[in-house]
Amino acid sequence: MKTLHIADWTPQALSVALTLAEKGLPFEVEHHDWRALAQALEGFTATLEPGNTLEGEFPLLVDGDATLCDSHFILEYLDDACPEPALRPDDAYGQWRLQALARFLGERVAPAIASLGVSRRFADAPATTREEPDMLRATSLPRERRDAWAAALAGPISPHLRDESQRKIGLFLERIESELDTSGGPWLLGTRFTLSDIAAFVLAKPVFEASLGVDFAPGARAARWFEQVAGRAAVASVLADQTMAFLPGPEHARWG
Amino acid sequence: MKMTEKPVLYHWEPNANSGKPMLALAEKGVEFTSVYIDMLEFDQHKPEYLAINPMGTIPAMTHEGHLLNESTAIMEYVDARFEGPSLRPSDPAERWKMRWWMKYCDQYYAPCASMVAWDLFTGPRVRDKDPEELKARIDAIPLEERRIAWRKAIYGLFSEEELAESRRRVMEASALFEANLEGHDWIVGNTFSLADINAFNLVYILPHMAETMKLPSVDPVRTPRTMEWLRRMYQRPSIKTIWALSRGSMGIDIDAEANREFA
């Protein structure tokens, strides 16, 4: 049995659940309180990766002996380990498109969504919610992760970071349109529904549902794609039970 | 797999991002047409190159009518598309680990080392050009992210705080890299993979830059396993083949590195 460890249903946690559901793979979910993340991670120190992953502390997938982190690589792992139904293109060029898009989503879009989502979640939260969670003191976490948590709990994001996040989400919407334009649809990479659709959908969800406190105007093609993903049986069944929430995600690229 | 046409690779010096697909092609035994793009002359932002790769980034590869960029994704394409020794482990968990480490190098270890190196070397080398010409060249960069990065590097705009943080991260990453090599020869256990090629392009320079970069991250005392791993890498014939395509000098004696002895 596979166990998905999460601290809230972040977009990344949802992407793993959606992939498992699309493949019809049974799994259990174990919830960890984000206020005690560092403590929760102490159960995963047998390998180096979980405590150092750039995406943030969770989700983790435990599958037999393997403890896997970084959601896009978990998605690719699931397609490698359980190939049916295939959720990647069969050809090398299609796989390249999937990976090039994953890089864009992980490096540009995920930090932007997390910044806006976290700001909205914590800015108006009562002070008791924000006081002294253990990860701020946990030397087992990399310093930049502790800083990310401290920043999230300190208050709303700076105007600069807000602008930068909005700019990146604008690029994201353009990219969805252009991918659909290149592939001819109905899915991002063409006629096969793939991990790219899942990875983009979980990031598009808060944008399309206007839950980030910012208005965006997705194009008609992207809006149709979004509805088609949301309408899939596996996607609808997962989303019926879960509400998306935001936690400090990957940092914005430091080179700009 | 059917016979396939020869790919064309647009690259700069055979290190950092350019070195990744170059070494992957050599390890795979794939012949390719090499087109040298001089990054310090901003060849990658000139119209003739932008006609091929509108993003103006290097490396890029054209093959069977497709344009491919993003060096790590190109490496996976090379392994998937061409015949030759497999450069990715077949076990799904090992393949996951290969990808995790490539991202750690691409988005953490390398950008931090690169920021320090650009501030000290690349920026000052480019800064000697005529200021008007420099400005025009920066304005011609198509991606905003790259314009910001070049501006910072050329005019030395990295703050002391940013540079100190990058140094700290290189120290952290090199320690984690060392810890991962405990008990096995390659990044993913005992299988040589794309992760080793990826990391080599970044790590090889660190022992040689320790003093000039004030960055004692990789050396025989602090990271002996990494030094042994580097020696194993230098013993691979692909390094000689690919470094021969350098226009400058890689400044490193491959044979000496391949036969390095440790006390």
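Residues numbered from 1 in each chain as written. Chains lettered and ligands numbered in written order. Predicted model: local features only at pLDDT ≥ 70, side-chain atom pairs only at ≥ 80, totals over all residues. Heavy atoms only, no water.

This part takes up the interface of chain A and chain B. By convention, interface size is frequently given as the accessible area that disappears when the constituent parts associate. Taken together, the contact between chain A and chain B spans 34 residues of the former and 43 residues of the latter. Summed over both partners, the interface of chain A with chain B comes to about 3,600 Å²; 60% of that surface belongs to carbon and sulfur atoms. Among the residues of chain A in contact with chain B, Trp-96, Arg-254 and Trp-255 of chain A are the three that bury the most area, contributing 26% of the side total. Taken together, the connections running from chain A to chain B amount to 10 salt bridges. With a closest N to O distance of 2.5 Å, Arg-169 of chain B and Glu-251 of chain A form a salt bridge. Summed over the shared surface of chain A and chain B, the result is 13 residue pairs in polar contact (both at pLDDT 80 or more). Taken together, the elements giving at least two residues each to the side of chain A that touches chain B come down to strand 4 (66–69), helix 3 (71–81), helix 4 (92–123), helix 6 (143–154) and helix 7 (159–183) of chain A. (Contact = heavy atoms within 4.5 Å. Buried area = accessible area lost by both parts, 1.4 Å probe. Salt bridge = Lys/Arg side-chain N within 4 Å of Asp/Glu carboxyl O. Polar contact = N/O pair within 3.5 Å; in protein donor to acceptor, adjacent residues only side chain to side chain. Helix = DSSP H or I, 4+ residues; strand = E, 2+ residues; numbered from the N terminus.)

Between two packed helices, both the angle of their axes relative to each other and the distance between the axes serve to describe the pair. Residue and element names in this part refer to chain A. Two numbers describe how helix 1 (residues 11–22) lies on helix 10 (residues 233–241): the axes approach to 9 Å, and their chain directions differ by 135°. For the element pair helix 1 / helix 10, the angle class is oblique. The two elements helix 1 and helix 10 cross, and the hand of that crossing is right-handed. Contacts between helix 1 and helix 10 involve Leu-14, Ala-17, Leu-18, Ala-21 and Glu-22 from the former and Ala-234, Val-235, Val-238 and Leu-239 from the latter. (Axes fitted to C-alpha atoms, helices over the stretch in contact; angles between N-to-C directions. Parallel < 35°, antiparallel > 145°, perpendicular 65-115°, else oblique. Left-handed = near helix turned anticlockwise from the far one by under 90°.)

On inspection of all chains with the given rule, the structure shows 49 salt bridges over all chains. A salt bridge links Glu-164 of chain A to Lys-168 of chain A, with the nearest nitrogen and oxygen atoms 3.8 Å apart. Taken together, the residues Glu-164 of chain A and Lys-168 of chain A, both in helix 7 and 4 residues apart, mark about one turn of the helix. Taken as a pair, Glu-164 of chain A and Lys-168 of chain A share a single burial class, namely buried. Linked by salt bridges that have partners in common, Lys-23, Glu-76, Asp-79, Asp-80 and Arg-88 of chain A together with Lys-28, Glu-76, Asp-79, Arg-88 and Arg-99 of chain B make up one network. (Buried < 20%, exposed > 50% of the residue type's maximum accessible area, 1.4 Å probe, protein only.)

What follows concerns the packing of aromatic side chains. Applying the stated rule across the entire model yields 24 aromatic pairs over all chains. Each ring, one from Trp-101 of chain B and one from Phe-177 of chain B, has its centre 6.2 Å from the other, and the planes form 75°; the classification is edge-to-face. Residue Trp-101 of chain B is located in helix 4 (residues 92–127), and its partner Phe-177 of chain B is located in helix 7 (residues 160–180); the two are separated by 76 residues in the primary sequence. Each member of the pair, Trp-101 of chain B together with Phe-177 of chain B, is buried. Judged by centre distance (5.0 Å) and plane angle (20°), the rings of Tyr-104 of chain B and Tyr-108 of chain B are stacked. Of this pair, Tyr-104 of chain B and Tyr-108 of chain B both sit in helix 4, 4 residues apart, roughly one helical turn. Accessibility expressed as a relative area gives 4% for Tyr-104 of chain B, which makes it buried. Its relative accessible area of 5% is what places Tyr-108 of chain B among the buried residues. Directly above the aromatic system of Phe-104 of chain A lies the positively charged group of Arg-175 of chain A, at a separation of 4.8 Å from the ring centroid. Its guanidinium or amino end placed over the ring of Trp-187 of chain A, Arg-232 of chain A lies 5.3 Å from that ring's centre, counting from NZ or CZ. (Phe/Tyr/Trp six-rings, centres within 6.5 Å; stacked < 30°, edge-to-face > 60°. Lys NZ or Arg CZ within 6 Å of the ring centre and 35° of its normal.)

Residue and element names in this part refer to chain A. A volume near 1,100 Å³ is recorded for the second largest pocket. If you trace the second largest pocket, you find 37 residues lining it, with Ala-151, Leu-161, Glu-251, His-252 and Arg-254 closest to the centre. Counting residues per element, the lining of the second largest pocket draws most heavily on helix 6, at 7 residues. Here the residues of the lining of the second largest pocket sort into 13 nonpolar, 9 polar and 15 charged. (1 Å grid on protein atoms, 1.4 Å probe; cavity = no way out; pocket = protein on both sides within 12 Å on 5 of 7 lines; lining within 4 Å. Points joined across faces, edges and corners; volume = space filled by probe spheres on them. Nonpolar A, V, L, I, M, F, W, Y, C, P; charged D, E, K, R; others polar.)

Right, let's get into the domain arrangement of chain A. Residues and elements named next belong to chain A. Assigned domains of chain A: these are domain 1 (2–81) and domain 2 (92–232). Once you take the C-alpha centre of each, domain 1 and domain 2 turn out to be 18 Å apart. At the junction of the two partners, domain 1 supplies 24 residues and domain 2 supplies 25 residues. Interface area for domain 1 against domain 2, summed over the two sides, is near 2,000 Å², with a carbon-plus-sulfur share of 64%. At the junction of domain 1 and domain 2, the tally comes to 3 salt bridges. Close ionic contact of Arg-121 with Asp-8 constitutes a salt bridge, the shortest N to O distance being 2.7 Å. On inspection of domain 1 and its partner domain 2, the count reaches 5 residue pairs in polar contact (both at pLDDT 80 or more). In terms of residues, the side of domain 1 that touches domain 2 owes the most to one element, helix 1, which gives 7 residues. Grouping the constituent residues of the side of domain 1 that touches domain 2 by class yields 10 nonpolar, 8 polar and 6 charged. (Domains from an automatic or database assignment.)

Let us look at the sheet that holds strand 1 (residues 2–6) of chain A. All names here are of chain A. Strand order in the open sheet made by the 4 strands is 2-1-3-4, with mixed pairing throughout. Of all the strands in the sheet, the pair left with one neighbour each is strand 2 (27–31) and strand 4. For this sheet, the mean inter-axis angle between neighbouring strands, taken without regard to orientation, is 20°. Both strand 1 and strand 2 contribute to a ladder of 5 bridges, which runs parallel. Pairing of Thr-3 across the sheet is with Glu-28, part of strand 2. (Pairing = 2+ DSSP bridges.)

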